[in-house]
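The lines below spell out each chain.
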Amino acid sequence: MATSDAVSQDLSLQRQSLLGWWRSGDPWIWLTSAAVAASVAAVLGLISLLAINGLAHFWPSQVMSIEYERFGAKTHIFGELSERESIGRRQFMEANPSYDKPVPATVERWLIKTGNRQANPPDFRWLFAHDVIASSVPQDVVVIERTEWGDAFGLLVGIKQKGEIVESEDLWEEFQARIERTASIREEIDALQEGSINGINYELESIRLEKRRRQLDDIHEFSDLEAKEERLRADYAVIERQVFDLTTQLERDTASLALADGRITDIPISTVIQAWMPNSMSVWRKLGLYCKNLWNFLTDDPREANTEGGVYPALFGTVLMVLLMSALVTPFGVIAALYLREYAKQGPFVQLIRIAVNNLAGVPSIVYGVFGLGFFVYAIGGSIDDLFFPEAKPAPTFGTPGLIWASLTLALLTVPVVIVSTEEGLTRIPRAVREGSLALGATKAETIFKVVLPMASPSILTGMILAVARAAGEVAPLMLVGVVKLAPTLPIDGNFPYLHLERKFMHLGFHIYDVGFQSPNVDAARPLVFATALLLVLIIIVLNLTAITLRNRLEARFRVSIN
Amino acid sequence: MTAYNLPKISNRRRLTNTITAKVIGAGGVAVIAAIVLIMGYLFWVILPIFAPTSIDVLDNVSYQPEDVLAIGSDDSFEIVTLVRGNGHVEFRNPSTFELENVAEMSAMPWRDAILVFPTTDTYAVRDTSNEVRFFRISHQVRYIDNTRTLEQRVEPVFVNTTYQLPQDTADFDVYRSDEDLRIVARRQDGSLLLAEFEEVDDDFELEFPIENTIEAPPGRYRTLFGPRGRFLFNVNEQTGDFQLILVPSVLRPRVVQSSSFAEDGKAPTAFEPLLGRYSILVGHDSGVVRQWSLSPSEIGTVFKPIRSMDFDAPILTLASEQRRKGFVAVDANNTAHLAYTTSNRVLTSIDFDAMPKLLVFSPRADRLVTYQADQIQTYAIQNAHPEISWNSLWGKVWYEGYEEPVFSWQSSSADTDFEAKFSLTPLLFGTLKAAFYAMIFAIPIAVAGAVYTANFMSPGMRAWVKPGIEIMAALPTVILGFLAGLWLAPIVEDHLTSVLLCVIVLPIGMLLFATLWSRMPSKVLSACDGWFAAIAVPVLVFFTWITLEFDQPLANLFFSGDAKTWMYEKLGLEYDQRNALIIGIAMGLAVIPTIFSIAEDAIYGVPQHLVHGSLALGATRWQTLVRVVLLTASPGIFSAIMIGFGRAVGETMIVLMATGNTPIMDLNLFQGMRTFAANIAVEMPESEANSTHFRILFLMALVLFFITFMFNTVAEIVRNRLRTRYGNL
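This structure is a prediction, so every number in the text was calculated from the model and none was measured. (Residues numbered from 1 in each chain as written. Chains lettered and ligands numbered in written order. Predicted model: local features only at pLDDT ≥ 70, side-chain atom pairs only at ≥ 80, totals over all residues. Heavy atoms only, no water.)

## Re the overall build of chain B
The cut-off we apply is this: Note on conventions: DSSP H or I runs of at least 4 residues are helices, E runs of at least 2 residues are strands, and numbering of each starts at the N terminus. With the radius of gyration taken over C-alpha atoms, the globule rule is written as 2.2 Å times the number of residues to the power 0.38. Here's how the labels work: a residue is buried when its accessible area is under 20% of the maximum for its type, exposed when over 50%, partly exposed in between, all with a 1.4 Å probe on protein chains only. In this analysis, two residues are considered to be in contact whenever any of their non-hydrogen atoms come within 4.5 Å of each other. Surface accessibility follows the Shrake-Rupley procedure with a 1.4 Å probe radius. Residue values consider only the protein chains on display as shielding. Counting rule for charge: Lys and Arg are taken as positive, Asp and Glu as negative, and neither His nor the chain ends is counted. All charge positions are set by atom: Lys at NZ, Arg at CZ, Asp at CG, Glu at CD.
When its secondary structure is counted, chain B shows 16 helices and 31 strands. Computed over the C-alpha atoms, the radius of gyration of chain B is 36 Å, more than 25% above the 27 Å expected from 2.2 N^0.38 for a compact globule of 729 residues. Expressed as lengths along the three principal axes of its C-alpha atoms, the size of chain B is roughly 115 × 95 × 50 Å. Within the span of chain B, comprising 729 residues, buried residues form 55% of the whole. A sequence separation of at least 24 residues applies to 57% of the contacts in chain B between residues at least 6 apart. For chain B, the accessible surface area stands at approximately 31200 Å², while carbon and sulfur atoms represent 57% of it. Considering chain B, the positive charge centre built from 55 side chains and the negative charge centre built from 75 side chains are found 15 Å apart.

## Observations regarding the interface of chain A and chain B
Accessible area lost upon the coming together of the parts serves often as the stated size of an interface. Spelled out, the test is: Salt bridge criterion: a side-chain nitrogen from Lys or Arg within 4 Å of a carboxyl oxygen from Asp or Glu. Counted as a polar contact is a pair of N or O atoms within 3.5 Å, where, for protein atoms, one must be capable of donating a hydrogen and the other of accepting one, and residues adjacent in sequence contribute only when both atoms are in side chains.
Each partner contributes residues to the interface: chain A has 102 residues there, and chain B has 110 residues. Joining chain A to chain B, the criterion identifies two salt bridges. R621 of chain B is the partner of D26 of chain A in a salt bridge, and the nearest nitrogen-oxygen pair spans 3.8 Å. Run the count over chain A and chain B and you get eight residue pairs in polar contact (both at pLDDT 80 or more). Among the elements that line the side of chain A that touches chain B, the one with the most residues is helix α3 (residues 26–56) of chain A, at 21 residues.

## Brief notes about the environment of L496 of chain B
Residue and element names in this part refer to chain B. Within the element layout of this structure, L496 appears in helix α6 (residues 496–518). Among the residues examined, L496 registers a relative accessible area of 2% and is labelled buried. Each C-alpha atom of the pair L496 and Y278 lies 44 Å from the other, and the pair is 218 residues apart in sequence. If we ignore the near neighbours within four places in the chain, the residues touching L496 are D551, A563, K564, M567, Y575, L581 and F670.

## Remarks on the domain arrangement of chain A
Put simply, the test is: Note: domain ranges come from an automatic or database domain assignment.
Looking at the assigned domains, one finds that chain A contains domain 1 (64–140), domain 2 (156–281) and domain 3 (316–562). Computed over C-alpha atoms, the centres of domain 1 of chain A and domain 3 of chain A are 50 Å apart.

## Some details on the domain arrangement of chain B
Residue and element names in this part refer to chain B. Filter applied, for reference: Here's the idea: put two parts together, see how much 1.4 Å probe accessible area each one loses, and the total over both is what we call buried area.
According to the domain assignment, chain B contains domain 1 (261–408) and domain 2 (427–726). In this structure, domain 1 and domain 2 have C-alpha centres spaced 51 Å apart. When the two sides are added together, the surface that domain 1 and domain 2 hide from each other amounts to roughly 560 Å², 79% of it contributed by carbon and sulfur. The largest per-residue losses of area from domain 1 upon contact with domain 2 belong to H385, L393 and W394, which jointly make up 66% of the total buried on that side. If you look at where domain 1 meets domain 2, you find three residue pairs in polar contact (both at pLDDT 80 or more).

## Points about the pairing of strand β11 (residues 272–276) of chain A
Strand residues, when the strand is regular, have side chains that alternate between the two faces of the sheet. Residue and element names in this part refer to chain A. Where we set the bar: Between any two strands, pairing holds if DSSP finds at least two bridges.
Here β11 lies mainly inside the structure; four of its five residues are buried. Pairing analysis gives four bridges linking strand β6 (residues 141–146) to β11, with the strands arranged antiparallel. Residue pairing for β11: I144 is matched across the bridge by A275.

## Overview of the sheet that holds strand β26 (residues 345–351) of chain B
Residue and element names in this part refer to chain B. Put simply, the rule is: To get an axis, a line is fitted to the C-alpha atoms, and for a helix only the part in contact is used. The angle between two axes follows their N-to-C directions and goes from 0 to 180 degrees.
Strand order in the open sheet made by the four strands is β23-β24-β25-β26, with antiparallel pairing throughout. Whereas interior strands pair on both sides, the edge strands pair on one side only; in this sheet they are β23 (315–320) and β26. Across this sheet, the average inter-strand angle for adjacent strands is 20 degrees, counted without regard to direction. Here six bridges tie strand β25 (residues 335–340) to β26, and the two strands are oriented antiparallel to one another. By the bridge assignment for β26, A339 is matched with V346.

## Things to note about the pairing of β23 of chain B
Residue and element names in this part refer to chain B. Counting buried residues along β23, five of its six residues qualify, which places the element largely inside the surrounding structure. In this structure, β23 lies alongside strand β24 (residues 326–331), joined through five bridges in antiparallel fashion. If you follow L318 over to β24, its bridge partner there is A329.

## Details of a nonpolar patch on the surface
For clarity, the cut-off: Each patch is assembled from residues with relative accessible area greater than 30% and no salt bridge, linking like charges that lie within 9 Å and nonpolar side chains (Val, Leu, Ile, Met, Phe, Trp, Tyr) that lie within 5 Å.
On the surface, a cluster of nonpolar side chains totalling about 450 Å² of accessible area is made up of W59, V283, W284 and L287 of chain A. Tracing the backbone shows V283 of chain A in helix α7 (residues 283–299).

## Concerning the packing of helix α8 (residues 312–343) of chain A against helix α11 (residues 403–428) of chain A
All names here are of chain A. So the rule is basically this: Our angle categories are set so that under 35 degrees counts as roughly parallel, over 145 as roughly antiparallel, 65 to 115 as roughly perpendicular, and the remainder as oblique. By the definition used in this description, the sense in which the near helix is turned from the far one sets the handedness, with an anticlockwise turn below a right angle giving left-handed and a clockwise turn giving right-handed. When residue character is reported, Ala, Val, Leu, Ile, Met, Phe, Trp, Tyr, Cys and Pro are called nonpolar, Asp, Glu, Lys and Arg charged, and the others, Gly included, polar.
Packing of α8 against α11 brings their axes to within 6 Å, and their N-to-C directions diverge by 40 degrees. By the angle between their axes, α8 is oblique relative to α11. The way α8 lies across α11 gives a crossing that is right-handed. Taken together, the residues of the contact of α8 with α11 break down into 20 nonpolar, six polar and three charged.

## Here's the deal with the environment of P476 of chain B
Looking at the element boundaries, P476 of chain B is found in the loop between α4 (459–474) and α5 (477–494). With 351 residues separating them in the primary sequence, P476 of chain B and V125 of chain B have C-alpha atoms 64 Å apart. Among all residues touching P476 of chain B, those that are not within four sequence positions of it are G473, L536 and I540 of chain A.

## Let's talk about the packing of aromatic side chains
Quick reminder of the rule: Each aromatic pair joins two rings of Phe, Tyr and Trp (for Trp, the six-membered one) with centres within 6.5 Å, and gets the label stacked for planes under 30 degrees apart, edge-to-face for over 60, and tilted for any other angle. Sitting over a ring, as applied to charges here, requires NZ of Lys or CZ of Arg to be within 6 Å of the ring centre and within 35 degrees of the ring normal.
Applying the stated rule across the entire model yields 52 aromatic pairs over all chains. Arranged with centres 5.9 Å apart and planes meeting at 50 degrees, the rings of F510 of chain A and Y513 of chain A form a pair that is tilted. Of this pair, F510 of chain A and Y513 of chain A both sit in helix α15 (residues 508–518), three residues apart, roughly one helical turn. Between F542 of chain B and F543 of chain B the ring centres are 5.6 Å apart and the planes differ by 70 degrees, which places this aromatic pair in the edge-to-face class. Stacked on the ring of Y343 of chain A, the Lys or Arg K444 of chain A has its end atom at 4.3 Å from the ring centre. For the cation-ring pair, K421 of chain B lies above Y399 of chain B, with the distance from its terminal atom to the ring centre recorded as 5.2 Å.

## Section: the environment of E423 of chain A
All names here are of chain A. By the element assignment, E423 lies in helix α11. Residues E423 and V334 lie 89 residues apart in sequence; the distance between their C-alpha atoms is 8.4 Å. Beyond its immediate chain neighbours, meaning those up to four positions away, E423 contacts A337, L340, R341 and R354.

## Some thoughts on unusual backbone geometry
In this structure, P118 of chain B follows F117 of chain B across a cis peptide bond, with omega equal to 0 degrees. Positive phi, close to 65 degrees, is recorded for Y498 of chain A, a residue that is not glycine. For Y498 of chain A, the position within the fold is in the loop between α14 (476–481) and α15. With a relative accessible area of 46%, Y498 of chain A lands in the partly exposed category. Its identity as a non-glycine residue notwithstanding, F158 of chain B has a phi of 60 degrees, on the positive side.

Laid out in structure tokens, this is it:
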């Protein structure tokens, strides 16, 4: 159509009268261009919306000290401004019918994150700009990120060790040193928990199952197992003691924080993850903290019902599931495509199958989820349990949603993508190439492995990447076949056989759904959901762009090679 | 072949070749079989829904004692319990009927034994001195040396204390809630004695009853407690007259309805309350069984006839299932008919030898026990999914407690006596409603966008725009759903006026701008030709911003201040924050790339000579587009829309997150819906494997599968035809 543009341009661009211009229909062309503009604006808008909201979350924003008056009562708070908007008087009056002061025509309202959920709830509150009496940005306000109760805002007034006040030249330095100390103790405890205790529990469970297995086989000789169990329990007691000692050390220090209203609250340093003074930090220091927060987001476990902390298990689960899925889908997809294109006799039947395969790509993903739950989990998983894990019954091992079933379901969901893409690649290889190979004496298998497949590799790769991109974004079927909001353990750990295919796992997409819609404190969780959504979008866009570039590049090479 | 000097192929190579062919053949067929398997498996799970019901004689033993008062069994029918008039509770093997255990509860003979409503394990027995005592039968599975044994226990309740009924008590009934115990006794003169023990635990003694007497007409009545003990049914067995008495408290009973079950002046021949006692089944001499259900009306809750089933001979005995709304009706020819109320189905029938004195279903309704003069018979029933019929899935059904027949989806509840409502119609309606609004939003934008991109956009820009929009197709829908539900929905609610006006303002604004732009010097015009879309972006954003900014003044102008209130008052439209408008926009965005991409391909593929010919004949660009290009490409656009529709129908996460998921049937743009896909996602994880609910969810998946498969196939065929046509043009 590009060539016709030149022709049409000359016709339409002659100066016309306004009426003539309208009659020619050109205004309607403008309208169609607006449709494209709307689509483009929507794409860009969506991505920038995610980027702005998701990335801003990690920036150590300044903490204000605000004093406001409502219903005659004065309140003094510290807080971060997290949103501001204007609303009409009417809307304002509907929301606050008993408001007692004159209301301006438009009311500016601020959403303030006040933190201190334990001492001063709620941790988010709406303020009206005209209620505010005084606001300032005090230099020495401390923000403390904690393992429970969310952030705390206040002024650091003292540090106690076992309840005794600690004298110190530089309170802030002292505080930081003690945070570091607890952090290292916490790491030790975590290492014991994750390494030894989990390992022992896992072995104890295997012993229990082994006992049960012997009972089922009518063997009543357990002395070896009981000896081992006793040894494990002894080890367990030792480690438990260590953990107990460490925990006592951990709980040694508390920090005293003065809240905005003058109250002093004691915060155990064992719950402190990090602390900073945003108002007196330089931009560079802030940037450093920003990068650290970003890194923590990617590598930390979630806290407080997933509304704080990182997304590491979800990221890990998503990647592992997708890897397993591609290991399953690629060979099968390629084999099916080879069969359809190279081996099957071309005719109406193969054509029919081709249409069917094509259509399967359009079948809703939830249907695959239903199939996966019924067929993989209940039928196949149930049978595996009956055959190989009778000792664990009635608790299911494979007969319950898990990683392997999720990967299989998604493999089935994406196999049409790989088949279609590979077939496209195979069609594009000229007959002459195949015939040349055969004429030189190669067998059909050799032709396929040494000539056809290498030439089709760009298409196979494209298909695989598109399949991965689709699988990474799917949530609906996973809700039925293996994703949970909080998995106690990762599917890979140090216990034999290391990769636990039957375990349930976490997933970024489901994380978004769960935290955004099931969590009690939506205001607190929202920035994290935006960040998670941004992460998922980035992964998928990168995968798609890789697919597109790869296809273009390899296609170019391929074209050269046959000319 | 031998004429050529071909190198000999080694055996190894030959073998590899054969093996490869075999492996690829087998693998290919396996993958394709797996794909077919999906459909087959869904069918296979659904199939039992349509399995016929059967009832067969299982055992028949002679049993001489004639004083059996009640028959029960454990859950899996491994043991049968007989409560006898001699004060014994017998446990017998269900097939051989050998005595396995007996509990001698009382030396004094018993007159009646009834199951305390609504329990399934507690009996109230009345002895000859009219004292009522209570005991519970429990069955416990134990493993002794790895062998499964079933243990029976009979424990007295209320520390074996009794309640003394008046000596002239004809009939009594007992209701038990978590805290309270209510007893009603009908005396010879017809009056009803109500007694209540408040906050009485199973191991408390029965003391300090609150008692009250209600006057009621004399006659041969039967008196029963109704749902939650708050009603009393007093039914005359000779005339069919009945009183419905509301008992909010024992001291303030009130007759709310006095009427008759009689038909054509003839008294009914049998009564039986259905599970939960929200309904009574009334059998008639004409062979009709009518279900009367407590339904709301202007004067409060009253009995209304809600459905009837016709049998050939007078119905003499009725018995209802313990966990579902099914029943068995025995007619004068001793033929027993199995039937189900909700689905209005008569399932099967079998001939009994004689009219049974007692007729009891096992808890799972897979066995039926009959007791007549000297023998006990057991029947095996295969009847897993009686709730399903064409009408109960797709039609209006008059459920218990409803004013009229309705379409309703309500699959589960906390109550065990709940009547499941499995109408797929509201969900199908919701599915189509969501897809419809999404298409209304998506089609104009996607098709117009495709038209512009294929026809008028400069190649440089097209190389960016097309993949850009296609990447949107890969955007996870969970993100669109999240943004729609948590970000867009509140904005739309706050700026409803502007959002609605955008539909008018944006095109007009665009045309206005275009008119001004057309007055630009032709140099600028020709330089920018093909880049209109890029210029349109800021214009569009500007007009949207302006409209949103002036929301309040616009609302004052058009909707006297507030669009939501105005719509509710003037049009009666209710507003949900997460509604079809939000779905339309969010799901519209999800299907735009699909429609855009396919439609653009179709339009771009229109042969050039057609366009050139048209332009050469003097048609303007727009005329050429409408009369030549679009006409030729219309099948392709049609197929794009079909595929987009298929995607919208099956989309799960957006609907799940951006609507309230209430299964209502209302086309209102400002209310939500529940779709098949969202419903599956919500209910499947909680559904018990192989239950009726589970299979219906599979049926939904199959319906979705068929809808999308059909649309996609039609689209595919249309596209293939178009390809051939382009080739021939």
